[in-house]
Amino acid sequence: MRIHQEMGSAAAQLATSLTDAQRAEMCRPLTDEDLRRDWTYVPADRAGLTFADLNRAQRKGVHRLLATALSPHAYAQAASIMALEDVLDLREGGARGRHNTDYWTVFFGDPQKDDAWGWRFEGHHVSVNVTVVGDQVAVSPCFLGSNPAVIDYRGTAVIAPLTQEAQLPRELLAAMGADCRSTAIVADAAPWDIRTSDSPRVGGAAIEPVGVSGAKLPGAAAELLRRLVDLYVDRLPAVLAADRRPDLNELQFAWEGPLEPGQGHYYRLQAPNFLVEYDNTQNDANHIHSVCRFPTADFGDDILAAHYATHDH
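This report concerns the structure included in the present document. (Residues numbered from 1 in each chain as written. Predicted model: local features only at pLDDT ≥ 70, side-chain atom pairs only at ≥ 80, totals over all residues. Heavy atoms only, no water.)

### What to know about the side chain of Ser127
At step 1: Following the sequence through the fold, Ser127 ends up in strand β5 (residues 126-133).
At step 2: In terms of polar contacts, Ser127 uses its side chain to reach the side chain of Asn129, at 3.1 Å.
At step 3: Beyond its immediate chain neighbours, meaning those up to four positions away, Ser127 contacts Trp39, Thr40, Arg120, Phe121, Glu122, Pro141, Cys142 and Phe143. (Helix = DSSP H or I, 4+ residues; strand = E, 2+ residues; numbered from the N terminus. Polar contact = N/O pair within 3.5 Å; in protein donor to acceptor, adjacent residues only side chain to side chain. Contact = heavy atoms within 4.5 Å.)

This is the structure we're talking about:
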């Protein structure tokens with residue numbers, strides 16, 4: 001079964017299970033551009049229904065749908081991040097009433113009837129935005145964060161959902177040599193958050209490529225850069241990731257902040273139609289935000305434009 005069919009089947013099964021009242025909350029029009037682009041990764045109420053609003057079978061249906069948009073390891077990361085809500089709530093003494101059911105699902109359009117439709121799964125530190133047009137699927141933006149980033153016991157991590165996202169860039173910086181490293185480090189202090197935040201369009205965030213070019217890196221460093229890029233692209237299922245890998249010669253890697261572990265830091269990977277941002281500055285640098293975006297494919301812009309050009313709406 002191809003991915004659009006697998007996703008459509010999971011979405012249709014979930015949609016069929018909804019009561020009329022649930023459907024009224026979960027199903028919104030695809031043409032509601034403001035709502036489709038109103039994504040965020042902070043704790044807040046969203047459009048749609050939470051796990052708490054659904055019965056057991058429906059909750060399992062949401063998980064099946066989410067698993068069609070993510071690779072197995074990224075789905076496991078998302079599940080771990082959701083579980084951390086209860087850990088964070090305990091650390092905060094219940095002050096914000098966090099719970100692992102505080103994740104929303106919303107449909108845009110009707111997966112049972114429409115050729116073009118979409119959906120979003122979202123809550124604190126997870127946002128997966130999906131658009132389907134015929135047999136084409138776009139997953140962008142895809143945000144994963146973690147607070148705490150690491151829970152350890154005697155210096156050994158017990159839970160750390162974004163371990164490789166944290167470790168690989170340090171290995172890359174060490175391997176690239178002093179000259180490339182001085183070019184890659186573009187600021188002594190890291191920003192408080194990813195620079196694009198939850199911008200509905202990357203272009204509106206006016207973020208420019210800086211840092212060292214992949215074309216300048218020696219062999220070992222170039223391989224680490226490829227591994228870092230793959231780590232983010234491979235959040236997507238393999239069939240979707242295949243067409244999303246940028247040319248390393250067109251890629252820029254930038255680091256902001258000190259290199260010492262435990263200090264706030266940020267990095268960015270940027271190429272035509274490819275953007276990764278990672279920030280770990282909050283809560284004593286134990287609070288990660290990371291996003292992978294394909295700017296022309298955000299919210300299905302590219303496949304929807306082609307669809308609208310040939311269909312009346």
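### Some words on the pairing of β5
At step 1: In terms of residue burial, β5 counts as a mostly covered element, since eight of its eight residues are buried.
At step 2: Residue alternation in β5 divides its side chains into two sets, Val126, Val128, Val130 and Val132 and Ser127, Asn129, Thr131 and Val133, and both sets are buried.
At step 3: Where strand β4 (residues 116-123) lies against β5, eight bridges are found, and the strand directions are antiparallel. Looking at β5, one finds that Gly118 is bridged to Thr131.
At step 4: Turn length for the β4-β5 hairpin, with the two strands adjacent in sequence and antiparallel, is two residues, and the turn residue His125 shows positive phi of about 75°. (Buried < 20%, exposed > 50% of the residue type's maximum accessible area, 1.4 Å probe, protein only. Pairing = 2+ DSSP bridges.)

### What to know about the packing of aromatic side chains
At step 1: With the rule as written, the count across this model stands at nine aromatic pairs.
At step 2: Ring geometry for Phe253 versus Tyr267: centroids 6.1 Å apart, planes at 35°, classification tilted. On the criterion of sequence distance, the pair formed by Phe253 in strand β11 (residues 252-256) and Tyr267 in strand β12 (residues 265-271) is long-range, its members being 14 residues apart.
At step 3: With relative accessibility at 1%, the residue Phe253 sits in the buried group.
At step 4: Aromatic pair Tyr267 and Tyr278: ring centres 4.6 Å apart, planes at 15°, arrangement stacked. Separated by eleven residues along the polypeptide, Tyr267 in strand β12 and Tyr278 in strand β13 (residues 274-280) bring together distant segments of the chain.
At step 5: Exposure remark for Tyr267: the relative accessible area of 0% places this residue in the buried category.
At step 6: Classification of Tyr278 by relative accessible area gives buried; the value is 0%. (Phe/Tyr/Trp six-rings, centres within 6.5 Å; stacked < 30°, edge-to-face > 60°.)

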